[in-house]
Amino acid sequence: MANPISRLIMTLGLVLGVMLAAPAAQAQVNPTQQSVNEGALLEALGSGGNVAGRITIPDESAGYLIKPDNKLWAALQGDTLHQISIWAVIGMVALLTLFYVLRGKIRVDGGLSGRKILRFNTIERFAHWTLASTFIILALSGLNLIIGKTVILPLLGEAAFGTLSAWGKIAHNYLAWPFMVALVMVLLLWVVHNIPNRLDLEWLKQGGGLVKKGVHPPAKKFNAGQKIIFWAVIAGGAALSYTGVMLLFPAEAGTPADWQFFQTIHALTAAVLSAIIIAHIYIGSVGMEGAFDAMGTGEVDENWAKEHHSLWVEEVKGSKASKGRTQPAE
Ligand code: HEM
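Rules behind the numbers
Residues numbered from 1 in each chain as written. Predicted model: local features only at pLDDT ≥ 70, side-chain atom pairs only at ≥ 80, totals over all residues. Heavy atoms only, no water. Phe/Tyr/Trp six-rings, centres within 6.5 Å; stacked < 30°, edge-to-face > 60°. Helix = DSSP H or I, 4+ residues; strand = E, 2+ residues; numbered from the N terminus. Buried < 20%, exposed > 50% of the residue type's maximum accessible area, 1.4 Å probe, protein only. pLDDT = per-residue confidence, 0-100. Contact = heavy atoms within 4.5 Å. Near = heavy atom within 4 Å. Polar contact = N/O pair within 3.5 Å; in protein donor to acceptor, adjacent residues only side chain to side chain. Axes fitted to C-alpha atoms, helices over the stretch in contact; angles between N-to-C directions. Parallel < 35°, antiparallel > 145°, perpendicular 65-115°, else oblique. Nonpolar A, V, L, I, M, F, W, Y, C, P; charged D, E, K, R; others polar. Donors = N, O, S within 2.8 Å, 3.2 Å for Na, K, Ca; no water. Tetrahedral: all angles 85-135°; square planar, octahedral: opposite > 155°, others 65-115°.

Turning next to the packing of aromatic side chains. Per the stated rule, a full pass over the model turns up nine aromatic pairs. Centre to centre, the rings of Trp 129 and Phe 292 are 6.0 Å apart; their planes meet at 45°, and the pair counts as tilted. Residue Trp 129 is located in helix H5 (residues 122–156), and its partner Phe 292 is located in the loop between helix H10 (256–284) and helix H11 (293–296); the two are separated by 163 residues in the primary sequence. Overall, the relative accessible area of 38% leaves Trp 129 in the partly exposed class.

Structure representation (structure tokens):
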């Protein structure tokens, strides 16, 4: 037989057990508990369904807790996007360094002649430099959003990083507009010179004369390599512009999942186009003797032009000669 003390302890234990069990028994019949059943949420997502709630405000998209498309976005956040952006930039810089070591600066084989030809007029250079300067600031301020916290914050400290990021965000949102205007200008000014033709295949077969010294495949105003840059800038710029406007105006973008889709495309396009542009900047500056002048003063050396754009030089000289012939005698 149990003594009175152990009977008291058993009774107290029984009372305590009933008290603790009561809420659990109540939970089984509480319908709102269903909303926190994670197993059911995952099952709905796995079968391609949405997890949405009931809302009373006009914005229907606010009812979605999570959509299956978000999985791509979620997977790319943080580390993956970080890695893609960093490796696109580092990979291209490494390739160009290797190219520089193996090939060196591309020189004008015939030496500089001292005679100049007008290659790009003031409007063309204005469009190019507006596009170039806005793109570079957009790319750097965008990259800061992705890798700033892990790479720049430890270097600058919180106060400087905070100021830099705040200005970066303002610059990103406002410089997008002159970028888009310049993109349209560049398209209108140069599209006729960038239609692919048979010459481009020959140029590509000969590696554009970039690989072997002394090789100069014929080209008109733009060669195949430049046409690739041009169309990458137009297509990438258009994709960045459209997705960027959607990010700025989420109500136009659709559901939160649609907005996240635009963000993914925006970031991936920016990474790929930045890598392509790094190669362009290299060849347009330190990589090739005489190239920068085309966008600097607008005039290039005649020997440079003959080596890289022989058919364009013939066209320019031909049209000058025919203009000379048709001028009335005084
Ligand atoms: C400091 C940066 C840059 C430099 C030094 C530079 C230099 C040049 C030069 C010298 C040319 C004329 C090449 C020729 O004579 O045929 C050119 C053309 C061009 N640039 Fe740039 N550029 C820069 C940045 C950019 C950026 C950021 C973009 C676009 C986002 C861009 C887009 C273009 C396009 C579309 C062309 C015409 C196609 C071509 O020549 O590849 N440039 N650039």
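What follows continues from the structure just given.
Residue-level pLDDT values for the protein chain average 86, and 79% of them are 70 or greater. Of the regions scoring below 50 in pLDDT, residues 18–31 engages in one contact with residues more than four places distant in sequence or in other chains.

Residues in contact with the ligand amount to 21 residues; listed here are only the nearest, Arg 119, His 128, Gln 226, His 280 and Ala 294. One of the side-chain nitrogen or oxygen atoms of His 128 is found 2.8 Å away from a nitrogen atom of the ligand. Interatomic distance of 2.8 Å between a side-chain N/O atom of His 280 and a nitrogen atom of the ligand. Mapped by element, the contributors of at least two residues to the shell around the ligand are H5, helix H8 (224–248), H10 and H11. The element best represented in the shell around the ligand is H5, accounting for five residues.

One way to put it is that helix H4 (residues 79–103) packs onto H5 with a least axis distance of 10 Å and a crossing angle of 100°. Here H5 runs roughly perpendicular to H4, going by the angle between their axes. Residues Leu 81, His 82, Ser 85 and Ile 86 of H4 lie in contact with H5, whose contacting residues are Leu 143, Ile 146, Ile 147, Thr 150 and Val 151. For the contact of H4 with H5, a count of residues per class yields six nonpolar, three polar and no charged.

Turning our attention to the coordination of the iron atom of the ligand. Only His 128 (NE2) and His 280 (NE2) from the protein coordinate the iron atom of the ligand, and they sit 2.0 Å from it. For the iron atom of the ligand, the six donor atoms are set out with angles of 86 to 179° between them, so the coordination reads as octahedral. Here His 128 is found in helix H5, whereas its partner His 280 is found in helix H10, with 152 residues between them in sequence.

Another aspect to go through is the side chain of His 309. Structurally, His 309 can be placed in the loop between helix H12 (302–308) and helix H13 (310–326). Of note is the side chain of His 309, whose polar atom sits 3.2 Å from the side chain of Arg 119. Discounting residues that sit within four places of it in the chain, His 309 has contacts with Arg 119, Ala 219, Lys 220, Lys 221, Phe 222, Asn 223, Gln 226 and Trp 304.

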